[in-house]
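Below are the chains, spelled out letter by letter.
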Amino acid sequence: PKCNRQDVPHSIISLLDGFKASKTLFTASKLKVFDVLSSSKSLTLEEVAGQISASVLGTERLLEAAVSLGLLESVKQQNTSVYRNTEQANRFLVSDSPESLHGYILHCNDMVWPLFSHLENAVREGTSQHERAFGKKSEDVFQDAYYSKDEVKIRFMNAMHSIARVTGKDVATAFDLSSYKTACDIGGCTGAMAYEFTKANPGLSVIVFDLPQVIEMRRHFQSKENDDRVSFVAGDFFKDDLPKADLYILARILHDWSDEKLHVLLGKLSKMCTPGCGLLVSEIFLDEERKRPSRALLQALSMTEGKQRSTSEYSDLLEKYGFVPKHIRHTDNLLDAMLFVKDPTDKRTL
Ligand code: SAM
């Protein structure tokens, strides 16, 4: 009898193995396998093992697994196999390539993986497992967790930088922003997104506003960028005044906080913005039934005090502060974007 392929639970089996595949990518990145194979270099197993200072047996298993996942290629040359990066690995996994995801991958390995190993507790308790995973309580994930040690801070900033480099252009070109002259990127981190905005909009200058601990590190990330239309201001968006601008950018900010916590920031923005001012929100947007994309829903399991929202949830939230949704853009990249405009008829005083 013909075997019924539907009897095989392929999707469940690939979920079962998903964590092994993630950890293969993380480990190959951390051990710099993609770096030693960069610039189309082909190396034998022994050469790779030597360069990453690892055992030949362990390296062989890692390389073979990486080939099976499409991260590397192996080719027979005479009697030996040599390994090389796939095109994608050269573009996105080599640590110093312009679109490298290396920083984000290390953050996933060193920060997100330990948190997710406590998912059972996270679900039972409905709280972040930072204390269990890292032995330290964190009230504010940025101030207490990411920025308490320089090494962790740089790793987190590298992670944000790498995603912003990959998605920034699509976010910056999502809408016609030619009517705006000054923008403020709230929580703009390394400035990677800001540089994409000035590149895409010749008439725009952008102020990057972020915590002092972040702003003080900006030179670490801007060695190649040289654009005097990008400037940096240090401050706390819950406590300090925000720079004046006619377009505010909130990229990956709103999902980190509850509606209650955002009241302070959004109230400030509402006061600062005159009618016609723009507010550009860039996030992963959930569909209205909160079923997809699973990337957003999986991220929510880290149990920060924030939440993932759909476009209508973002609209409802921002309409309370006088911002009207104008355009939505699904970019097919890692982040989508929505442009709001301060309602000219809004007379509220918050
Ligand atoms: N907007 C950047 C992007 O999309 O690449 C970074 C997003 S990251 C998830 C959140 C940013 O908000 C970090 O750079 C963090 O330092 C900043 N941030 C968090 N709390 C802040 C506060 N109270 N005041 C100012 N910036 C803050």
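Note that this is a predicted model, so its numbers are computed, not measured.

## Some thoughts on helix H6 (residues 102–116)
Here is step 1 of the chain: Compared with an ideal rise of 1.5 Å per residue, which puts 15 residues at 21 Å, H6 spans 20 Å between its outermost C-alpha atoms and is within 8% of the ideal.
Here is step 2 of the chain: Taken as a whole, H6 carries its principal kink of about 35° at Cys108.
Here is step 3 of the chain: Here H6 lies mainly inside the structure; eleven of its 15 residues are buried.
Here is step 4 of the chain: Among all positions in H6, only His102, Gly103, Ile105, Leu106, His107, Cys108, Asn109, Asp110, Met111, Pro114 and Leu115 are buried.

## Re the domain arrangement of the protein chain
Where the parts come together, the accessible area they lose is often given as the size of the interface.
Here is step 1 of the chain: By domain assignment, the protein chain separates into domain 1 (5–92) and domain 2 (167–342).
Here is step 2 of the chain: A separation of 36 Å is found between the C-alpha centroids of domain 1 and domain 2.

## Considerations on the pattern of salt bridges
Here is step 1 of the chain: Counted by the stated rule, this structure contains 17 salt bridges.
Here is step 2 of the chain: The salt bridge partner of Lys291 is Glu289, with a shortest N-O separation of 3.9 Å.
Here is step 3 of the chain: Overall, the relative accessible area of 59% leaves Glu289 in the exposed class.

## Quick look at the sheet that holds strand E1 (residues 43–44)
Sheets are built from strands that pair by backbone hydrogen bonding, the pairs being arranged parallel or antiparallel.
Here is step 1 of the chain: Overall, antiparallel pairing links the three strands, which are arranged E1-E3-E2 in an open sheet. The outermost strands of the open sheet, each flanked by one partner alone, are E1 and strand E2 (72–77).
Here is step 2 of the chain: Where E1 meets strand E3 (residues 80–85), two bridges bridge the pair, whose relative direction is antiparallel. Looking at the pairing, Thr44 lines up with Val82 of E3.
Here is step 3 of the chain: Sheet contacts for helix H4 (residues 56–68): E2 and E3; angle to E2, the most-contacted strand, approximately 110°.

## What to know about the sheet that holds strand E4 (residues 182–186)
Here is step 1 of the chain: What the seven strands build is an open sheet, ordered E6-E5-E4-E7-E8-E10-E9; its pairing is mixed. Among the strands making up the open sheet, the edge pair consists of strand E6 (230–234) and strand E9 (323–329). For this sheet the average axis-to-axis angle between neighbouring strands, irrespective of direction, equals 20°.
Here is step 2 of the chain: As defined by bridge partners, strand E5 (residues 205–210) adjoins E6 across five bridges and the pair is classed as parallel. Bridge pairing in E6 places Val206 opposite Val230.
Here is step 3 of the chain: Contacts from helix H11 (residues 192–200) reach E4, E5, E6, strand E7 (247–251) and strand E8 (278–283) within the one sheet, and its direction differs from that of E5 by about 170°.

## A closer look at the site of the ligand
Here is step 1 of the chain: Surrounding the ligand, one finds 19 residues, the nearest of these being Tyr147, Gly187, Asp210, Ala251 and Arg252.
Here is step 2 of the chain: Here Tyr147 contributes a side-chain N or O atom positioned 2.5 Å from an oxygen atom of the ligand.
Here is step 3 of the chain: Take Arg252: an N or O atom from its side chain is 2.6 Å from an oxygen atom of the ligand.
Here is step 4 of the chain: A per-class count over the shell around the ligand returns 13 nonpolar, two polar and four charged.

Rules used throughout
- Along each chain, residues carry numbers from 1 onward, in the same order as the chain's sequence is written.
- Restriction of local features to residues with pLDDT of at least 70 applies here, the model being predicted, together with a cutoff of 80 or more for giving and counting side-chain atom pairs; totals for whole chains, interfaces and linings are based on all residues.
- With hydrogens and water stripped out, all remaining heavy atoms of the structure feed into the side-chain values.
- Every helix listed is a DSSP run of H or I at least four residues long, and every strand listed is a run of E at least two residues long, numbered separately from the N terminus.
- Helix span, expected: 1.5 Å multiplied by one less than the number of residues in the helix.
- One axis fitted to the seven residues ending at a residue, another fitted to the seven starting there: the angle between these axes is the bend at that residue.
- Throughout this description, buried means an accessible area under 20% of the type-specific maximum (1.4 Å probe, protein chains only), exposed means over 50%, and partly exposed covers the range between.
- Start and end points for every domain follow an automatic or database-based domain assignment.
- Each salt bridge in this description consists of a side-chain nitrogen of Lys or Arg and a carboxyl oxygen of Asp or Glu lying within 4 Å of one another.
- Two strands qualify as a pair provided that DSSP identifies no fewer than 2 bridges between them.
- We call two residues contacting when some pair of their heavy atoms lies within 4.5 Å.
- All axes are obtained by fitting lines to C-alpha atoms, using only the stretch in contact for helices, and the reported angles, taken between N-to-C directions, cover 0 to 180 degrees.
- To be near a molecule or strand, a residue needs just one of its heavy atoms within 4 Å of it.
- We define a polar contact as two N or O atoms separated by no more than 3.5 Å, with the added condition that, inside protein, one atom must be a possible hydrogen donor and the other a possible acceptor, whereas residues neighbouring each other in sequence contribute only through side-chain atom pairs.
- When residues are grouped by polarity, Ala, Val, Leu, Ile, Met, Phe, Trp, Tyr, Cys and Pro land in nonpolar, Asp, Glu, Lys and Arg in charged, and all others, Gly among them, in polar.

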